[in-house]
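If you want the building blocks of each chain, they are given just below.
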Amino acid sequence: MKRAKPIVIANWKGYVETPEEAKRFVQVIKRSTKTLSACQVMLAPSFTLLPTLVPLLKNSAVQVGSQAVSAHPGGAHTGEVTGAMLRAVGAVFSIVGHSERRALGGAGESEEGIQNQIARACEAGLGVVLCVGEHEREASGAHFGIIAGQLASALAAVPLKNMGKLMVAYEPVWAIGKTAADAMQPGDVQEVFIFIRKILVEKIGRAAALKVPILYGGSVEEENVQGLYHEGGVSGFLVGHASSKSDSFIKLIKALQ
Ligand code: 13P
C-alpha cells in the first residue's frame, strides 16, 4: 500500500510572537510550494497570530490551527479561547494535551480537563491533535502504562463521528526541546507506535484505528527526520523549535524527501 504523505505540524509554541514574523515565514515558505507539497503541512501559531495566518494561507494546502482550546463553552470564563472563537477566525484543528500545558496543572489541564477540551473542540468542528507521552523512560516499561492511561482517558471524550479528525502525537517529555542527537531513536519510536496502534484498535476498533495518524514529536530536526520517518513507522511529526524559523522548517521538509 502506498504510504500517505507525511504530516508535518509546526507547533510554534511561543517562538513566533509578532504578525511581521509570521508574515515573513509565510512569504518564505510560499517560495517553496513544490517542496512543501510532498508533505501535509499544518501550522499551529499562538492564538493572536491566527487572524494573520489564516487569510495568508487561504488558497494553499497549508492548514492552520491552534495550540490549545478552552475546556469551556462561551460564557463567564475570563481569558479563555473557545472552540467557536477558533472556528470563527478560521482555525481547523487544535492541539490538545501538550505536555507544556499539562505541566501547568490545575483542573483545566487534568485528564478530565483534557477530556473537556477535546469535547469542546469536537463540538466546534475542530480536528484534534492529541498529545501523549511519558516524563521519563524507565527500564521497567512504566511509560507504556502512562501512555495507555492518557490515551484511554482522552479517547473516551472523542465522539465516534469525530474519529476521522483525530491525530495522536506521541511526545516523550524527556526528548522535547533538545537536539536531534538527544531525540528518541527510530527503533524505540516504532516500539511505542505499535503499542499506541494496539490501544487504538482496542478502544475504537480496527477500521477506525488504522486511519488515525500517529505523529512523533520531540527534538525533530533535519538531521533525524528521515530516519524517524523511514525506520520509526510514523505518519508524521509535531515539530517545535525547528518549525519556528522558515529556513530550518524548509530544510526539515526537504530532508524528508
Ligand atoms: P521540540 O521540537 O522543540 O523538541 O518540541 C517538540 C514539541 O513539543 C512539539 O509539540
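That block above? That's the structure.
Since the structure is predicted, the reported quantities are computational estimates derived from the model, not experimental observations. (Residues numbered from 1 in each chain as written. Predicted model: local features only at pLDDT ≥ 70, side-chain atom pairs only at ≥ 80, totals over all residues. Heavy atoms only, no water.)

*Asks:* Mind showing me how you'd approach the packing of aromatic side chains here?
*Replies:* Here a ring pair, both rings aromatic, is described through the centre-centre distance and the interplanar angle of the planes. Tallying each qualifying case throughout the model produces five aromatic pairs. When the ring of Y170 is compared with that of F193, the centres are 6.4 Å apart and the planes differ by 80°; the resulting orientation is edge-to-face. Here Y170 is found in strand β6 (residues 166–170), whereas its partner F193 is found in helix α8 (residues 186–204), with 23 residues between them in sequence. Each member of the pair, Y170 as well as F193, carries the same accessibility label: buried. Judged by centre distance (6.5 Å) and plane angle (55°), the rings of Y170 and Y216 are tilted. Linking Y170 in strand β6 with Y216 in strand β7 (residues 214–217), this pair joins segments that are 46 residues apart in sequence. The exposure class of Y170 is buried, given its relative accessible area of 0%. Taking the relative accessible area as the measure of exposure, Y216 reaches 0% and is therefore buried. The cationic tip of R3 hangs over the ring face of Y229; the distance from NZ or CZ to the ring centre is 3.7 Å. (Phe/Tyr/Trp six-rings, centres within 6.5 Å; stacked < 30°, edge-to-face > 60°. Helix = DSSP H or I, 4+ residues; strand = E, 2+ residues; numbered from the N terminus. Buried < 20%, exposed > 50% of the residue type's maximum accessible area, 1.4 Å probe, protein only. Lys NZ or Arg CZ within 6 Å of the ring centre and 35° of its normal.)

*Asks:* Would you mind going over the site of the ligand with me for this structure?
*Replies:* Taken together, the residues surrounding the ligand are N11, K13, H98, E171, I176, G177, G218, S219, L238, G240 and H241. Side-chain polar atom of H98 to an oxygen atom of the ligand: 2.8 Å apart, as the coordinates give it. Against a free-state accessible area of 300 Å², the protein chains account for coverage of 100% of the ligand. For the shell around the ligand, a count of residues per class yields two nonpolar, seven polar and two charged. (Near = heavy atom within 4 Å. Polar contact = N/O pair within 3.5 Å; in protein donor to acceptor, adjacent residues only side chain to side chain. Areas by Shrake-Rupley, 256 points an atom, 1.4 Å probe, with all protein chains shown as cover. Nonpolar A, V, L, I, M, F, W, Y, C, P; charged D, E, K, R; others polar.)

*Asks:* I tried to follow the nonpolar core on my own but got confused; where do I start?
*Replies:* Soluble globular proteins: nonpolar side chains tend toward being buried together. Counting 73 residues, the largest nonpolar core has L43, I118, Y216 and F237 as the members making the most contacts within it. Of the residues forming this core, the biggest block, eight residues, is contributed by α8. Setting aside anything within four residues of it in sequence, one finds F237 in contact with I7, V8, I9, L215, Y216, V220, V225, L228, Y229 and L256. (Core = buried A, V, L, I, M, F, W, Y, C linked by side-chain atoms within 4.5 Å. Contact = heavy atoms within 4.5 Å.)

*Asks:* Whenever I open this one, helix α6 (residues 111–123) confuses me. Can you help?
*Replies:* Because the α-helix completes a turn every 3.6 residues, residues three or four places apart line up on one side. Given a rise of 1.5 Å per residue, 13 residues ought to cover 18 Å, and the 18 Å separating the end C-alpha atoms of α6 matches this to within 8%. The set of residues buried in α6 consists of G113, I114, Q117, I118, A119, R120, A121 and C122. Immediately beyond the C-terminal end of α6, within one or two residues, lies G125, with a positive phi of roughly 85°. (Expected span 1.5 Å × (residues − 1).)

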